[in-house]
Amino acid sequence: MRILVSGDVHGRHDIKKLGNDRIRMNHGQLPEVLLVCGDFGFPWYNDPNNREDNHFRKWFDDKPYYTIVIPGNHDNYARINDMEQTTLFSAKVRQYSPNIFFVERNEILDIDGKTFYCFGGATSADKENRIIGISWWPEESATFADGSKMVNVVTKNPSVNYILSHTCPQKWVKYFPNHYHSDVKCPTRDALDWLEENLSYERWFFGHWHRDENIDEKGQCLFYKTVALGDYEESL
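Small disclaimer: the values here were computed from a predicted structure and weren't measured.

Draft legend 1. Focus on the pairing of strand β6 (residues 100–103). Because side chains alternate across β6, one face comprises the buried residues I100 and F102, and the other comprises F101 and V103, equally buried. Inspection of the sheet shows strand β3 (residues 66–69) paired to β6 by three bridges, in the parallel sense. Across the sheet, V69 pairs through a bridge with F102, a residue of β6. Pairing of strand β5 (residues 91–95) with β6 involves three bridges; the strand directions are antiparallel. Each bridged residue has a counterpart across the sheet, and for Q95 the counterpart in β6 is F101.

Draft legend 2. Looking closely at the pattern of salt bridges. This structure, assessed with the given rule, holds ten salt bridges. Among the salt bridges present, the one from D62 reaches K58, with a minimum N-O distance of 2.8 Å. Taking the relative accessible area as the measure of exposure, D62 reaches 52% and is therefore exposed. Between R105 and D146 there is a salt bridge whose closest N-O contact spans 2.9 Å. Of this pair, R105 sits in the loop between β6 and β7 (107–111) while D146 sits in helix α4 (residues 144–156); the two residues are 41 residues apart in sequence, bridging distant segments of the chain. Per residue, the accessibility class of R105 equals that of D146, and both read buried. Residues joined in a network through salt bridges with shared partners are K171, E196 and E197.

Basis of the calculations
Residues numbered from 1 in each chain as written. Predicted model: local features only at pLDDT ≥ 70, side-chain atom pairs only at ≥ 80, totals over all residues. Heavy atoms only, no water. Buried < 20%, exposed > 50% of the residue type's maximum accessible area, 1.4 Å probe, protein only. Helix = DSSP H or I, 4+ residues; strand = E, 2+ residues; numbered from the N terminus. Pairing = 2+ DSSP bridges. Salt bridge = Lys/Arg side-chain N within 4 Å of Asp/Glu carboxyl O.

Here you go:
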């Protein structure tokens with residue numbers, strides 16, 4: 001399958017990179033699966049009838065592919081957690097619409113024989129300026145229970161092809177000096193440190209830092225760029 005990986009979308013603000021013409025220009029053809037590394041930005045409002053949310057839900061549903069989101073820190077967890085839970089590509093997900101899904105933490109997507117360990121969330125640097133339940137949700141940060149489940153899942157699945165997260169392991173923060181996220185205490189980054197040390201993987205994709213940056217030989221931060229995997233790799 002043709003798989004495309006993207007960084008943050010931020011609702012209408014950074015959606016242009018996912019327009020059909022832009023994807024075709026960069027990759028030749030549209031994907032069959034789009035994977036978004038957090039801060040999707042839809043649905044943002046608590047009102048299920050919000051016109052902006054519904055406009056962009058239709059925008060994605062009109063695409064000929066699945067959109068699977070690893071939630072970030074600027075996503076409405078109250079809305080996500082109210083969505084029906086189902087299974088897609090062997091992973092537990094929340095279904096927003098016919099083609100849009102949010103994957104749960106510590107789930108492993110198996111897409112055409114390629115495995116993706118998913119762990120969303122991060123701590124917002126600006127949460128003091130946001131309103132709980134309106135523009136900030138405490139579920140953004142990893143919990144002790146998330147960490148305990150991670151140990152159990154990795155014990156049973158010691159290797160994957162890819163890791164998808166919103167933020168990065170704490171040890172990679174040094175690649176983003178003087179960034180406003182850098183000094184924030186983030187339990188999600190601590191959990192990802194353990195994951196990086198204990199899970200065998202080929203490549204790791206994440207967003208959050210609003211940069212396109214290669215980290216060592218395996219890590220890649222995405223913002224403007226999108227990365228093609230699967231059958232794309234064979235055709236490019």
